[in-house]
Amino acid sequence: GANSMWGGRFAGGVNAIMEAINASIGFDKRLYAQDIAGSRAHAAMLAAQGILTEADQQAIDAGLTKVKAEIEAGDFPFSPALEDIHMNIEARLRDLIGEPAGRLHTARSRNDQVALDFRLWVREQCDAAITGLEALMRAFLGQAEAGADWVMPGFTHLQTAQPVTWGHHMLAYVEMLARDKSRFEDARRRMNECPLGAAALAGTSFPIDRHATAAALGFDRPTANSLDSVSDRDFALEFLGAASICAMHLSRFAEELVIWSSAQFRFVRLSDAFSTGSSIMPQKKNPDAAELLRAKLGRILGANVALFTVMKGLALTYSKDMQEDKELTFDAADNLMLGLAAMEGMVRDMTANTDALASAAASGFSTATDLADWLVRELNLPFRDAHHVTGSLVKMAEDAGIDLPDLTLEQMQSVHAAITSEVFGVLGVDNSVRSRVSYGGTAPDQVRLHIARWKEVLG
Ligand code: ARG
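Computed from a predicted model, the values in this text were never measured in an experiment.

K.L.:
Mind laying out the site of the ligand, listing which residues take part and the relevant values?
P.N.:
Neighbouring the ligand are the residues Ser24, Asp28, Asp84, His86, Arg110, Asn111, Val114, Tyr318, Gln323 and Lys326. In this structure, Asn111 approaches the ligand through a side-chain N or O atom, which is 2.9 Å from a nitrogen atom. The side chain of Tyr318 places a nitrogen or oxygen atom 2.5 Å from an oxygen atom of the ligand. For the ligand, whose free accessible area comes to 350 Å², the fraction covered by protein is 87%. Residue contributions to the shell around the ligand peak at three residues, all from helix 6 (residues 110-146). Per-class residue counts for the shell around the ligand are two nonpolar, four polar and four charged.

Structure (C-alpha cells):
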C-alpha cells in the first residue's frame with residue numbers, strides 16, 4: 001500500500017528496489033537518541049508557545065521515553081518501508097499514543113530534523129575525539145618523561161641527520177595532537193548553531209521559539225538562514241577534515257613504529273597486546289595494529305573526499321544525495337576513535353631499546369654538524385668552509401670504515417692544520433644533544449621545559 005506518512009498524494013506502493021536504495025534506517029538508526037532529544041525539545045517549545053496543548057506534549061514526551069526504551073532494549077520494530085529513523089520513531093509513537101503523535105511534526109520537516117540530529121551526533125564525536133586525543137597526548141608525554149635524555153638518531157630522508165632525544169621525538173607528536181585537538185574544538189564551536197525550526201527550507205508561519213530549542217539542545221544560538229540550515233553539511237566536512245589530519249598524524253607514527261620495531265632497527269619493542277604472530281614463521285611478531293592504523297587514514301580521508309564529492313554539485317537546498325553523508329561519517333568517526341585508542345595503548349606499552357637507540361645515534365656521522373659548528377666557533381671559519389672541511393673528514397672516516405670520533409688528531413690536521421684535540425669534545429652524541437639549547441631544540445633541558453608546559457596544559 002501507499003506510505004502511511006504521505007499516503008494522501010500516492011496511490012501505489014514502492015518497488016522493492018526503490019525501497020532498498022531509499023531506506024536509510026539500516027544506518028541512521030544510530031541517530032535515535034539525537035532524534036528523540038530533538039523531538040522532545042521541539043514539543044516542549046510548541047507547548048510553551050501554545051501551539052500544542054500541555055496534554056499532547058506530555059503524551060508525546062511519555063511516548064518518546066517508551067520508544068527510546070524499546071530501541072535500547074533491542075525490541076523496536078525497525079521498518080525499511082518507513083525509510084529512516086525519523087519516520088520509524090514517529091510511526092511507533094503513533095502506535096503508542098495515537099493522535100497527539102501526528103501533532104509533533106507541526107512546524108518541522110525531516111530536512112531540519114535530520115540536519116539537527118546529524119549535527120548533534122557530529123558534535124558528540126568532536127567531544128569524543130578531543131577526549132581520545134588528550135589520552136593519547138598523555139601517553140606520548142609519559143614516554144617523553146621517561147626518556148627526556150635518551151639519545152637516538154634524528155632523520156631527514158630517513159637518513160641519519162643529527163642526534164636527538166627520545167623525549168623530543170615524543171613531544172613532536174604531542175604538538176601535532178594538540179593542533180588536532182584544537183581543530184576539533186574549532187569545528188565544534190562553529191557547528192554549534194541549531195538548525196531546528198528551519199522547517200523544510202523557508203522557515204515556518206507558526207510562532208515558534210528557535211532560541212528556546214537551541215538553548216535546550218545545548219547550542220549557542222539558532223542558525224540564521226533557513227536555506228543554509230537544511231543544506232549545510234560543512235560541519236561534517238570540517239569534522240572529517242580534522243579527522244583526516246589527525247589520522248594522518250597517527251599514520252606517520254604508525255609508520256615509525258613499523259620501522260622501529262623491525263629487526264634491522266630494534267628501536268622499540270611493541271607489547272604482545274598490540275602485535276600478532278605468524279601462522280608459519282615462529283619468530284615473527286608483527287606490528288599489525290600499527291599497520292592497520294596506517295591504513296585507517298585511507299578510509300577516513302576517503303570519507304572526506306566522498307562527502308565533498310556528494311556536496312559539490314548540489315543546488316540549494318536539500319537533495320536526497322545528502323542522505324549519503326551519514327554512513328561515511330559514521331565509519332570515519334568509528335575508525336578514528338578506534339585508532340586513537342589503539343595508538344594510545346601502543347604508545348603506553350612500547351619499550352624503547354635505549355642501547356640500540358644510542359648506538360644508532362652515534363653511527364652515520366651524526367655529529368658532523370657539531371664538528372662544522374666547532375670549526376666556526378673555535379677557528380672562526382666561515383660556515384661554508386667549515387662544511388667543506390667536515391665533508392672531507394667524513395669522507396676520510398668513511399673510506400677507513402670508522403666513525404668521526406675514531407679519526408686521529410693527525411688525520412684531522414691533515415685536512416685543516418688548526419684543528420686541536422678539543423674537537424673530540426663535540427663529537428659525542430650526548431654533548432651534541434645537550435648543546436642544542438635553542439628554544440624548541442632537542443636538549444634535555446628544553447625537553448623538560450616543554451614536558452612541564454604540557455603537563456600543566458593537560459592538568
Ligand atoms: N533520511 C533523510 C536523510 O538522511 C532525511 C531527510 C529526508 N528529507 C526529505 N525531504 N526526503 O537525509
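K.L.:
Can you explain the state of the cysteines? Please cite residues and give values.
P.N.:
This structure, assessed with the given rule, holds zero disulfides. No disulfide involves Cys194; its nearest neighbouring cysteine sulfur is the one of Cys126, lying 16 Å away. Judged by its relative accessible area of 0%, Cys194 is buried. There is no disulfide at Cys246, and the cysteine sulfur nearest it, in Cys126, is 12 Å away.

K.L.:
Report on helix 6, specifying residues and quantitative values.
P.N.:
Residues separated by three or four positions in an α-helix point in the same direction, a consequence of the helix having 3.6 residues per turn. With 37 residues, helix 6 ought to run about 54 Å at 1.5 Å a step, and its terminal C-alpha atoms sit 54 Å apart, in line with that. Capping the start of helix 6 is the job of one residue whose side-chain oxygen sits 2.8 Å from the backbone nitrogen of Asn111: Ser109.

Conventions adopted
Residues numbered from 1 in each chain as written. Predicted model: local features only at pLDDT ≥ 70, side-chain atom pairs only at ≥ 80, totals over all residues. Heavy atoms only, no water. Near = heavy atom within 4 Å. Polar contact = N/O pair within 3.5 Å; in protein donor to acceptor, adjacent residues only side chain to side chain. Areas by Shrake-Rupley, 256 points an atom, 1.4 Å probe, with all protein chains shown as cover. Helix = DSSP H or I, 4+ residues; strand = E, 2+ residues; numbered from the N terminus. Nonpolar A, V, L, I, M, F, W, Y, C, P; charged D, E, K, R; others polar. Disulfide = S-S within 2.5 Å. Buried < 20%, exposed > 50% of the residue type's maximum accessible area, 1.4 Å probe, protein only. Expected span 1.5 Å × (residues − 1).

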